[in-house]
Amino acid sequence: MAEEIKVFSDEYEEYLRDESRRSGSADRIVFAKSDADVSAALQEASQNNWPVTIQGARTGITAGAVPEGGLILNLSRMKSIGEIHDSRLTVQPGALLTEIRDAAEKEGLMFTPDPTETSASIGGMLACNASGACTFSYGPTRDWINSLCVVLANGETVRLERGVDKAAGQRFTVGTVTGELPDIAMPEVKSAAGYYVKEGMDLIDLFIGMEGTLGVVTEVELKLIPQPAAVNGLTAFFPDEEAALKFVRFLRESAAPPVAIEFFDFQALELLRRMKTENAAFAELPEMQSHFHTAIYFEFHGDDADALEEQVMEAAEMMMELGAGEDDCWFAGDAREIETLKKFRHSTPEAVNLLIDQRKKACPELTKLGTDMSVPDRELENVMRMYHDGLATAGLEHVIFGHIGNNHVHVNIIPRDMDEYAKGKALYLDWAEKVVAMGGSVSAEHGIGKIKVPFLKLMFGEDGIAEMKKLKELFDPQWILNQGNLF
Amino acid sequence: MNIVVCIKQVPDSDKVTIDRETNRLNRAGVPSIINPFDENALEMALQLKDKHGGKVTVISMGPPQAVEALRTALSHGADDAILISDRKFGGADTWATSYTISLAIKKLEVQPDIILFGKQAIDGDTAQVGPGVAHFLDLPMLTYAKAVEPTDAGFKVEKVTEDGYEIWEIDKPAAFTVVKEANQLRMPSLKKKMAAKKAEIPTWGFDDLNPIEENIGLAGSPTKVSKIFAPPVKLNKEILSGEPAEMITELIQKLKERNVL
Amino acid sequence: MSTTKEIWVFAEQRNGRIAGVVNELLSKAQELAEKSGFEVAAVLPASGCADLCQELFNYGAKKVYTLDDPKLADYQNDYYSRAIAALINDKKPEIVLYGATTIGRSLAPTVAVMVDAGLTADCTQLDYDTEGCNLLQTRPAFGGNIMATIICPDHRPQMATVRSNVFKKEKLGDSEAGETIEYPVDLSGVPERMRRIEVVHEDDNTIDLNAAQYIVSGGRGVGKPENFKIIYDLASELGAAVGASRATVDAGWISHHHQVGQTGKTVCPVVYVACGISGAIQHLAGMQSSDVIVAVNKDPDAPIFDVADFGLIGDLHVIVPEFQKQIAAFKA
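None of the values given here were measured: they were computed from a predicted structure.

Trainee: How should the overall build of chain C be read in this particular structure?
Mentor: Across its full length, chain C holds 9 helices and 18 strands. Summarising its shape, the C-alpha atoms of chain C cover approximately 65 × 50 × 40 Å along the three principal directions. Counting across all 332 residues of chain C, residues that qualify as buried make up 59%. Carbon and sulfur atoms make up 47% of the accessible area of chain C, which amounts to about 12,500 Å² in all. If you average the places of the 29 positive and of the 43 negative side-chain charges in chain C, the two averages end up 2 Å apart.

Trainee: What's the story with the packing of helix 4 (residues 129–136) of chain B against helix 4 (residues 104–114) of chain C in this structure? I'm lost.
Mentor: Where helix 4 of chain B contacts helix 4 of chain C, the axes come no closer than 8 Å and their chain directions differ by 45°. Viewed along their axes, helix 4 of chain B and helix 4 of chain C adopt a mutual orientation that is oblique. Handedness of the crossing formed by helix 4 of chain B with helix 4 of chain C: right-handed. Mapping the contact onto sequence places P131, G132, H135 and F136 of chain B in helix 4 of chain B and S106, P109, T110, V113 and M114 of chain C in helix 4 of chain C.

Trainee: Which parts of the structure should I look at to understand the interface of chain A and chain B?
Mentor: Where interface size is given, it is often the accessible area lost as the parts come together that is meant. Contacts between the two partners involve 21 residues from chain A and, on the opposite side, 17 residues from chain B. Interface area, chain A with chain B, both sides summed: about 1,600 Å², of which 56% is carbon and sulfur. When the area that chain A buries against chain B is broken down by residue, the three leading residues are D327, F331 and R336 of chain A, summing to 36%. The tally of links from chain A across to chain B stands at 5 salt bridges. Salt-bridge contacts for E39 of chain B lead to R336 of chain A; the nearest nitrogen and oxygen are separated by 3.3 Å. Counting across the chain A and chain B interface gives 7 residue pairs in polar contact (both at pLDDT 80 or more). Listing elements by their share of the side of chain A that touches chain B, those giving two or more residues are helix 7 (305–321), strand 17 (329–332) and helix 8 (335–362) of chain A. Class assignment of the residues belonging to the side of chain A that touches chain B gives a composition of 12 nonpolar, 2 polar and 7 charged.

Trainee: Quick question: what am I supposed to make of the pattern of salt bridges here?
Mentor: Two side chains bearing opposite charge may form a pair once their charged atoms approach each other closely. Residue and element names in this part refer to chain A. Within this structure, the stated rule accounts for 69 salt bridges over all chains. The residue K342 makes a salt bridge to E299 at a minimum N-O spacing of 3.6 Å. Residue K342 is located in helix 8, and its partner E299 is located in strand 16 (residues 294–302); the two are separated by 43 residues in the primary sequence. K342 sits in the partly exposed class, given a relative accessible area of 33%.

Trainee: Would you mind showing me how to read the state of the cysteines here?
Mentor: Here, the word disulfide means a covalent bond between the sulfur atoms of two cysteines. This structure, assessed with the given rule, holds 0 disulfides over all chains. C53 of chain C takes part in no disulfide bond, and the closest cysteine sulfur, belonging to C49 of chain C, lies 5.9 Å away.

Trainee: So what exactly am I meant to see when it comes to the interface of chain C and chain B here?
Mentor: Residue-level contacts link 76 residues of chain C with 71 residues of chain B. Roughly 6,500 Å² is buried in total at the junction of chain C and chain B, and carbon and sulfur atoms are behind 60% of that figure. Its largest share of buried area at the contact with chain B, chain C owes to F142, R193 and F310 of chain C, together 12% of the area lost on that side. Here R195 of chain C and E169 of chain B are joined by a salt bridge, their closest N and O atoms 3.4 Å apart. Looking at side-chain class alone, the side of chain C that touches chain B contains 39 nonpolar, 20 polar and 17 charged residues. Summarising the sheet, strand 11 (residues 164–171) of chain B and strand 13 (residues 194–201) of chain C pair through 7 bridges and their orientation is antiparallel. Bridge pairing in strand 13 of chain C places Y165 of chain B opposite V200 of chain C.

Trainee: What am I meant to see in the environment of L474 of chain A here?
Mentor: Residue and element names in this part refer to chain A. Within the secondary structure, L474 sits in helix 11 (residues 453–475). L474 gets classed as partly exposed once you look at its relative accessible area, which sits at 34%. For the pair L474 and L214, spaced 260 residues apart in the sequence, the C-alpha separation amounts to 8.7 Å. Apart from the residues within four sequence positions on either side, L474 is in contact with F172, V177, T178, G179 and E180.

Trainee: Any chance you could explain the sheet that holds strand 14 (residues 214–218) of chain C here in plain terms?
Mentor: Sheet strands pair via backbone hydrogen bonds, and the direction of the pair is either parallel or antiparallel. The sheet built from 6 strands is open, its strands ordered 15(B)-18(C)-17(C)-16(C)-14(C)-15(C) with parallel pairing. Looking along the sheet, the strands with just one partner apiece sit at the ends: strand 15 (238–240) of chain B together with strand 15 (241–244) of chain C. Sheet twist, expressed as the mean angle between neighbouring strand axes with direction ignored, is 20°. Pairing analysis gives 3 bridges linking strand 15 of chain B to strand 18 (residues 310–313) of chain C, with the strands arranged parallel. By the bridge assignment, I239 of chain B is partnered in strand 18 of chain C with G311 of chain C. Across the sheet, helix 7 (residues 244–257) of chain B touches strand 15 of chain B together with strand 17 (292–297) and strand 18 of chain C, and the angle it forms with strand 18 of chain C is around 175°. Contacting strand 14, strand 15 and strand 16 (271–275) of chain C, helix 5 (residues 228–238) of chain C runs over the sheet at an angle of about 175° to strand 14 of chain C.

Thresholds, definitions, all that
Residues numbered from 1 in each chain as written. Chains lettered and ligands numbered in written order. Predicted model: local features only at pLDDT ≥ 70, side-chain atom pairs only at ≥ 80, totals over all residues. Heavy atoms only, no water. Helix = DSSP H or I, 4+ residues; strand = E, 2+ residues; numbered from the N terminus. Buried < 20%, exposed > 50% of the residue type's maximum accessible area, 1.4 Å probe, protein only. Areas by Shrake-Rupley, 256 points an atom, 1.4 Å probe, with all protein chains shown as cover. Lys, Arg positive; Asp, Glu negative; His and termini not counted. Charge placed at Lys NZ, Arg CZ, Asp CG, Glu CD. Axes fitted to C-alpha atoms, helices over the stretch in contact; angles between N-to-C directions. Parallel < 35°, antiparallel > 145°, perpendicular 65-115°, else oblique. Left-handed = near helix turned anticlockwise from the far one by under 90°. Contact = heavy atoms within 4.5 Å. Buried area = accessible area lost by both parts, 1.4 Å probe. Salt bridge = Lys/Arg side-chain N within 4 Å of Asp/Glu carboxyl O. Polar contact = N/O pair within 3.5 Å; in protein donor to acceptor, adjacent residues only side chain to side chain. Nonpolar A, V, L, I, M, F, W, Y, C, P; charged D, E, K, R; others polar. Disulfide = S-S within 2.5 Å. Pairing = 2+ DSSP bridges.

What follows is the structure in structure tokens.
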């Protein structure tokens, strides 16, 4: 018997929200435990014309899992993790990244996608093609999914495998659905904005990054790789941002680039310094000297510890050439030390969230404004200048941090009141236009969700959106799946 | 100021398990780390040195591979390291360990103004070696120190208690055990890491310390481990449902049975 | 080895009040006395302490050795260790037990090296082996991953520290008889090397989560900030610290100081009561090594039940006040 669809009541209140801190509404909720539950729920929704919002761990920050009425199809209980065979691991969508990592680690393997939030579910990661620091070298979630099962809006279950199920030119067939791929151009940068389309593509890729708008993924086969024998990490502190950006170029262009390059601007370091003194939860951060202005974290993976060390030494020489002192860095040579540096990285968004929560008390409508845009390599300095100029002119409190290896930094604007919030929003829109003009993406990893819908239009234009909608209609003619996401 | 920090290399206790057949510890593949509380002692030493000048010497007693813990301490900024290691020291309990470490400290060319320990080691959780060493060296000692500031005659110390803290004045030289809340160990810089890799770390053995033989190793240890066993398996969870009042009555009964109320 | 056939309990007092763990140890000592045939005695360092002896008799001490000296009014390691070591060296008891308090865990190791005794810290079980005539001292090690039984065959006394709440105290009566032995104290030769100059007691509301024996935590299921009152009420009845999930802290219902979990505090109390906490992995990481976990949640499938020893399915707004009520009755 299928899992019961329950009438929504207050006790499920938490399921109206995700990490975007936006809250929605719902009439019903079901906690699916199997493909059959999903299929039954979708058939019932389809018959009654209920909108369906799909949820995993609700750690997304674009409100993709926030319901707008109708049925919540929650997959967090569908979380089994199978056995590993031939470096392949099959999991259900509710399995959490941290659980998948543990399972892989036990076999000496790793699953490389590394969004900062490790309690994300694999279903959510797949829905927005999540990425993280190491995406710089290993690529986003998409590259590590080998096959999946998807339940379509009509209740039909389809299995798709990479390298096997492909489009013929623009024509495709998925189960009983056939049609033409949308005619849209993909950006040349890391992107999680809208559907992924390519002539002759692997059809599995249609469902990675589709944000739950084309079907419900109920099983995922992941690709794992052996853990590197040696891992080194280093956070280097520079006296100014210009030197730090030059260092990024050096790392990126070196013969053996690191697997991750991360950035922290002056404001981010200042915020962490402040939090360390004010808030016990941040007390464990390492002490930062006062002349540390901008930081770059980078990580090398390899099987030859000595070679790795040489690479790090080479980078350190360049670091000093660019004006950093010989002790202006934190070196991590083992897993525990790497963990300390990662915690430091994770603390930045946590600190911003905390600050926003404090301000919310005075002004409940406030939220943080976080950008997630990437640009091509050539535009790195330009986009950084654009951010700084805009923020300086508007006089907004902010921090900038993130995946600078992919020219993908997060600007987090921390408004003090609704006036500043409006200013920040305007600035964000202005940046989005410019980033699109630079050939970039309006969302590199968080997805579009409900919050960034106008940006998607900006990026693909009316025609592009119309093309995407045609695809959506082929799979979901009633438009019941994840209404409000993407469009 | 001359500062000595005593550190212990311990297995990362999160990852140690017991073989239920043989009742032996599974330590294979479990990484060794500096006892986390000793990191706080080390950081306190480094901060005292930063502020008041001086030298930080780290000492560890253990098998030859404990030298790695000392190297790590050097990479974080300690100036000198000494390993106390000898087969004859093996099997020492906290009594014999305290005695042996105190001999090594006595052997230092310059006697310390302050000796720091972590509040306890995570493998044994005994918290006994700090006070033991202090006694063998006839030094005044305070446990659970959160902050230590030098004064003319000695130190002013904030000592953590169950429900707050106390301020103490203590004469120099003195010994302290340091709590986690004191600080966070700084990260190593690359330069120090590389220097630590190449550092020569002397090993002091039986002949260097010239101990009374019946005070060291197994023979010098009053306590003996009589048996090691796996903790009782966590009882299967019990789900209670029904009337709240009955559920709670049952819960309180069960908690009493478990001896936790 | 000629010893006095006695089991001693260090009668720790602060400001003229006997620490609770002392009475627990006296009760345990009685049990050991029945097996071993030894006699239970307490050792009471203090200044003017005659009126504290009755309490010790009431919990099972047949004798109290008082060490009465102005310098012993409050714990000072040099004075305390010297006075107790002198008494031990003179009487040579079989066993000495200390509470594993901040005082006991500083004093006992010092005394142990002074009198060449073996010392076992933080015992969770004590038993007497009548064949080998040894105290069997069992304690966890490696973060609770293993248990070890320690004996001390060739040295006397055998010394151990024990945490509060490990053993149960049992009062024998209100006017039990016992012998008070005023033991002479001579600290004239001990230099004053340390002085306590200030004592600060922090507000009870900030009971340290890390040190708490009991923790009651609230999560999103509490519903709204005002409802945290029932969490506080239960906590105060249990003598517990109040914890919270990240969701409630993020929502601004309670201060960050209370957060348990990966980005908050890692705790391991004797009992952890999770109310309306679904059990996100961040939270579990911070509390799953608690000895006993009680989870109260409406949702029978909530992941918190995976780590719970006792799961109560139902409405916390009814269950938590009921819990408080019955604990109050239980205590009375």
